Amino acid sequence: MWKSCLRLRDGGRRLLNRPRSGLTASEGLGPKPPIPIRAYVPPAGGFEISLDHRKLRTPQGKLFTVPSEALAIAVATEWDSQQDTIKMYTMHLTTLCNTSLDNPTQREKDQLIRAAVKFLDTDTVCYRVEEPETLVELQRNEWDPVISWAERRYGVEIGSSTSITGPSIPAQTREVLVSHLASYNMWALQGIEFVVTQLKSLVLTLGLMDLHLTVEQAVLLSRLEEEYQIQKWGNIEWAHDYELQELRARTAAGTLFVHLCSESTAIKHKLLQG
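Keep in mind it's a predicted model, so treat the numbers as computed, not measured.

Before going further, it helps to spend a moment on the overall build of the chain. In terms of regular secondary structure, the chain is built from eleven helices and six strands. Across the 274 residues of the chain, 47% fall into the buried class. In the chain, the share of contacts with a sequence separation of at least 24, taken over all contacts with a separation of at least 6, comes to 58%. Counting every atom, the chain has about 14800 Å² of accessible surface; 54% of that belongs to carbon and sulfur.

Okay, structure coming up:
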């Protein structure tokens, strides 16, 4: 089993693949070999990040330990991208890891699942306008195929509505989606809820998780009415582009987080040893 050790040099501006490091992402399995002063072996089954020879910790003081090597490397890269000033608001993967480790709202798995499924009641792609006709047609052409995909994929009924109360979602649909989300671990569910909150849509989030949609497609679909209004009336200089890029960044980070947290290192090692 190999170990990945990453190093920050020159004030944290360069990420190097070297076995001795100031910033590391390494796996805590196997016997503990002699180590240099700037390296370490993390606890069994987890991966740590070390910054300037100090182990990273969460806001609540817990050891920053993530479940997969790929996620540790991604977080290390996120820290490496910081320049003279650390801007935590740009570090979405780190923030999601902190939330998963500290669980500040003390929610359990079923609460995370039901919070995500509750978004069906106000799902962006399920709410339709009655006019103007051009926007009605745009919503129909762009959103209906995504809803149809979700209904086929999960064997459920979702539908859409122009009513202010939204569509009537069958109880069976909720049960199926609750069961599907239950297959994800707690970390991945934190990421799923984060993405749902960004897109205001469980349907679009499911499309992302199943790789049916790209981040760019999901973001544009979630902003369909805004984009329509911008094309018709124009936009405020720079503000629209900034908002769009921020939403893409958050959605991409959340999606990546879910996929990296869904990896099963133990299963991979079993397969390799089998």
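Having seen the structure, we can now continue with the description.
Right, let's talk about the packing of aromatic side chains for a bit. All told, the structure shown has two aromatic pairs when counted by the stated rule. Plain terms: the ring middles of W149 and Y154 are 6.0 Å apart, the flat faces sit at 80 degrees to each other, and that makes the pair edge-to-face. A single burial state applies to W149 and to Y154, both of which are buried. With centroids separated by 6.1 Å and ring planes inclined at 20 degrees, the aromatic side chains of W187 and F257 adopt a geometry described as stacked. Highlighted residues: W187 in helix 6 (residues 186-199) and F257 in helix 10 (residues 239-261), separated in sequence by 70 residues. Here W187 matches F257 in class, with each residue buried.

Formed by 64 residues in total, the largest nonpolar core has its most connected members in L71 and L181. Setting aside its immediate chain neighbours within four residues, L71 contacts V66, C97, W187, F257, L260 and C261.

Let's shift gears to the pattern of salt bridges. On inspection of all chains with the given rule, the structure shows nine salt bridges. Close ionic contact of D121 with R174 constitutes a salt bridge, the shortest N to O distance being 2.5 Å. You can see D121 sitting in the loop between helix 3 (109-117) and helix 4 (133-154) and its partner R174 sitting in helix 5 (residues 171-181), a full 53 residues away along the chain. As a salt-bridge pair, R140 and E133 come within 4.0 Å of each other at their nearest N and O atoms. Several salt bridges share partner residues, and in doing so they unite R223, E227 and E243 into one network.

This part covers the side chain of E193. Position of E193 relative to the elements: it lies in helix 6. You can call E193 buried: its relative accessible area is 14%. At a separation of 2.6 Å, a polar atom in the side chain of E193 contacts the side chain of R107. Not counting residues up to four positions away in its chain, the partners in contact with E193 are R107, L112 and A115.

Along helix 8 (residues 215-222), the residues classified as buried are V215, A218, V219, L221 and S222. Looking down the long axis of helix 8, one finds its buried residues gathered within 165 degrees of arc, a one-sided arrangement. Taken together, the buried residues of helix 8 touch helix 4, helix 6, helix 7 (202-209), helix 9 (224-233) and helix 10.

Tracing the backbone through its elements, the reader meets D102 in helix 2 (residues 92-102). A distance of 3.2 Å separates a polar atom in the side chain of D102 from the backbone nitrogen of Q60. Discounting chain neighbours no more than four positions away, the residues touching D102 are T58, P59, Q60 and K62.

E131 connects to P132 through a cis peptide bond whose omega is 0 degrees. The phi torsion at H53 lies on the positive side, around 70 degrees, for a residue other than glycine. By the secondary structure assignment, H53 is in the loop between strand 4 (47-51) and strand 5 (54-55). A relative accessible area of 52% places H53 in the exposed class. The backbone phi angle of N103 is positive, close to 45 degrees, even though this residue is not glycine. Looking at the element boundaries, N103 is found in the loop between helix 2 and helix 3.

Conventions adopted
- Residues numbered from 1 in each chain as written.
- Predicted model: local features only at pLDDT ≥ 70, side-chain atom pairs only at ≥ 80, totals over all residues.
- Heavy atoms only, no water.
- Helix = DSSP H or I, 4+ residues; strand = E, 2+ residues; numbered from the N terminus.
- Buried < 20%, exposed > 50% of the residue type's maximum accessible area, 1.4 Å probe, protein only.
- Contact = heavy atoms within 4.5 Å.
- Areas by Shrake-Rupley, 256 points an atom, 1.4 Å probe, with all protein chains shown as cover.
- Phe/Tyr/Trp six-rings, centres within 6.5 Å; stacked < 30°, edge-to-face > 60°.
- Core = buried A, V, L, I, M, F, W, Y, C linked by side-chain atoms within 4.5 Å.
- Salt bridge = Lys/Arg side-chain N within 4 Å of Asp/Glu carboxyl O.
- Polar contact = N/O pair within 3.5 Å; in protein donor to acceptor, adjacent residues only side chain to side chain.
- Arc of directions from axis to C-beta.

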